[in-house]
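Next come the chains, spelled out residue by residue.
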Amino acid sequence: MEQREHNAESKATRFTNEFAKKFRSIDFTVHPPDIPGELAGKGSNMAWAARKLSEKYNISQRKDVIVTGIDGGSLFATPPRNGLDLSAPGWIPPMHVRIR
């Protein structure tokens, strides 16, 4: 979430609580608006999330972390038959980033 968005942290908490049972783990970051040299946008939001998650997960855990940026304009393809199965061949959620 972008910190400049009204009630960003409470919205992120609400979404996290709403979808917590659908994922093994779900978390959020709040991207501050005043980082020198950065432009507001999805790319800088994803870079912020990757930096924050790099602090949270050690090097050996990062191979198992996928960051997905979802906003109001995001559409997911129909997931595989068994629900959200990230190991299913050919199905990748949009805008995923592996942290190495």
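Structure shown above.
Here goes a summary of the coordinates provided. Since the structure is predicted, the reported quantities are computational estimates derived from the model, not experimental observations.

1. Comments concerning the overall build of the protein chain
A count of helices and strands for the protein chain gives two helices and two strands. With 100 residues in all, the protein chain has 24% of them scored as buried. In the protein chain, the share of contacts with a sequence separation of at least 24, taken over all contacts with a separation of at least 6, comes to 49%.

2. What to know about the packing of aromatic side chains
Enumeration according to the criterion identifies zero aromatic pairs in this entry. Residue placement shows R14 over the ring face of F15; its charged tip is 4.9 Å from the ring centre.

3. Notes on the nonpolar core
Ranked by size, the top nonpolar core spans six residues in total: M46, A49, L53, Y57, V65 and V67. For this core, the leading source of residues is helix α2 (residues 42-56), giving three residues. Leave out the neighbours within four places in its chain, and A49 touches T29 and V67.

4. Things to note about unusual backbone geometry
Positive phi outside glycine occurs at N7, with the angle close to 60 degrees. Within the fold, N7 resides in the segment before α1 (8-19). Given the relative accessible area of 44%, N7 is considered partly exposed.

5. A look at α1
The end-to-end C-alpha distance of α1 is 17 Å, a good match for the 16 Å that 12 residues give at a rise of 1.5 Å each. Looking at α1, one finds that the buried residues are A8, A12 and T16. Along the axis of α1, the buried residues cluster in a sector spanning 65 degrees; they form a single face. Among the exposed residues of α1, those oriented more than 90 degrees off its buried face are N17 and E18.

Analysis parameters
- Residues numbered from 1 in each chain as written.
- Predicted model: local features only at pLDDT ≥ 70, side-chain atom pairs only at ≥ 80, totals over all residues.
- Heavy atoms only, no water.
- Helix = DSSP H or I, 4+ residues; strand = E, 2+ residues; numbered from the N terminus.
- Buried < 20%, exposed > 50% of the residue type's maximum accessible area, 1.4 Å probe, protein only.
- Contact = heavy atoms within 4.5 Å.
- Phe/Tyr/Trp six-rings, centres within 6.5 Å; stacked < 30°, edge-to-face > 60°.
- Lys NZ or Arg CZ within 6 Å of the ring centre and 35° of its normal.
- Core = buried A, V, L, I, M, F, W, Y, C linked by side-chain atoms within 4.5 Å.
- Expected span 1.5 Å × (residues − 1).
- Arc of directions from axis to C-beta.

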